[in-house]
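Examining the three-dimensional arrangement
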Amino acid sequence: MKSKVEVKTVKEKTTDDLKRELMNAADIDTYIKENQALFVDKTVIELLGELYQRKSVPKAALAKQAGMSEVYVHQVFSGRRTPSRDRLLCLCIGLEATLEETQRLLKQAIYAQLYPANKRDAIIIHGIIHRTSLSQINDKLFTEGEKTLF
């Protein structure tokens, strides 16, 4: 007699779905139990490390492309320093992260995601999508009267 192996798949839920469930949940324990598989369980440093591994850029080159010192980059990857939103963006640009990867890192770091209706963010988004160098993005931000990334 063959045994049946039951595979339980996790249904994808949007943030709005989760928010609605949370608002309607009778108790938090049930909500947590039902959505355990959907919770993000990686730190910003872990996500950044995964991105770094996929890009295979030496940390010295990353530091240069991100406009920061090698010491600071090593401190971030070792977890001794937490980058600000702008420094995290610089690292994403230096790693040539996609917009989706950048938004995920910002979200996990509990920073505001890039918002295309904001002129500064729109310039940064355009730079990320088109793989523009950090110095060119900063030049455009400066020209438009916006705060540069560093």
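Description of the structure in this document. (Residues numbered from 1 in each chain as written. Predicted model: local features only at pLDDT ≥ 70, side-chain atom pairs only at ≥ 80, totals over all residues. Heavy atoms only, no water.)

Focus: the packing of helix H6 (residues 85–94) against helix H8 (residues 119–129)
- Running from amino to carboxyl end, H6 crosses H8 at an angle of 20°, the nearest separation of the two axes being 11 Å. When the interaxial angle is binned, H6 and H8 end up roughly parallel. The way H6 lies across H8 gives a crossing that is left-handed. In this structure, H6 contributes Arg85, Asp86, Leu89 and Ile93 to the contact, and H8 contributes Arg120, Asp121, Ile124 and Ile128.
- When its residues are assigned to classes, the contact of H6 with H8 shows four nonpolar, no polar and four charged. (Axes fitted to C-alpha atoms, helices over the stretch in contact; angles between N-to-C directions. Helix = DSSP H or I, 4+ residues; strand = E, 2+ residues; numbered from the N terminus. Parallel < 35°, antiparallel > 145°, perpendicular 65-115°, else oblique. Left-handed = near helix turned anticlockwise from the far one by under 90°. Contact = heavy atoms within 4.5 Å. Nonpolar A, V, L, I, M, F, W, Y, C, P; charged D, E, K, R; others polar.)

As for the nonpolar core
- Counting 34 residues, the largest nonpolar core has Leu48, Leu62, Leu91, Leu105, Leu114, Ile124 and Leu149 as its most contacted members.
- Elements that contribute at least two residues to this core include exactly helix H3 (44–55), helix H4 (59–66), helix H5 (70–77), H6, helix H7 (99–108), H8 and helix H9 (134–143).
- Per-element accounting of this core gives the leading share, six residues, to H6.
- Residues contacting leucine 48, with those up to four places away along its chain left out, are Val76, Phe77, Leu88, Leu91, Leu95 and Leu105. (Core = buried A, V, L, I, M, F, W, Y, C linked by side-chain atoms within 4.5 Å. Buried < 20%, exposed > 50% of the residue type's maximum accessible area, 1.4 Å probe, protein only.)

Some details on H9
- Inspection of H9 places Leu134, Ile137, Asn138 and Leu141 among the buried residues, and these make up the whole buried set. The arc that holds every buried residue of H9, seen down its axis, measures 100°, which confines them to one face. Pointing more than 90 degrees away from the buried face of H9 are the exposed residues Asp139 and Thr143.
- Where the residues of H9 are buried, they touch H4, H6 and H8. (Arc of directions from axis to C-beta.)

All we've got here are geometric facts, nothing functional implied.
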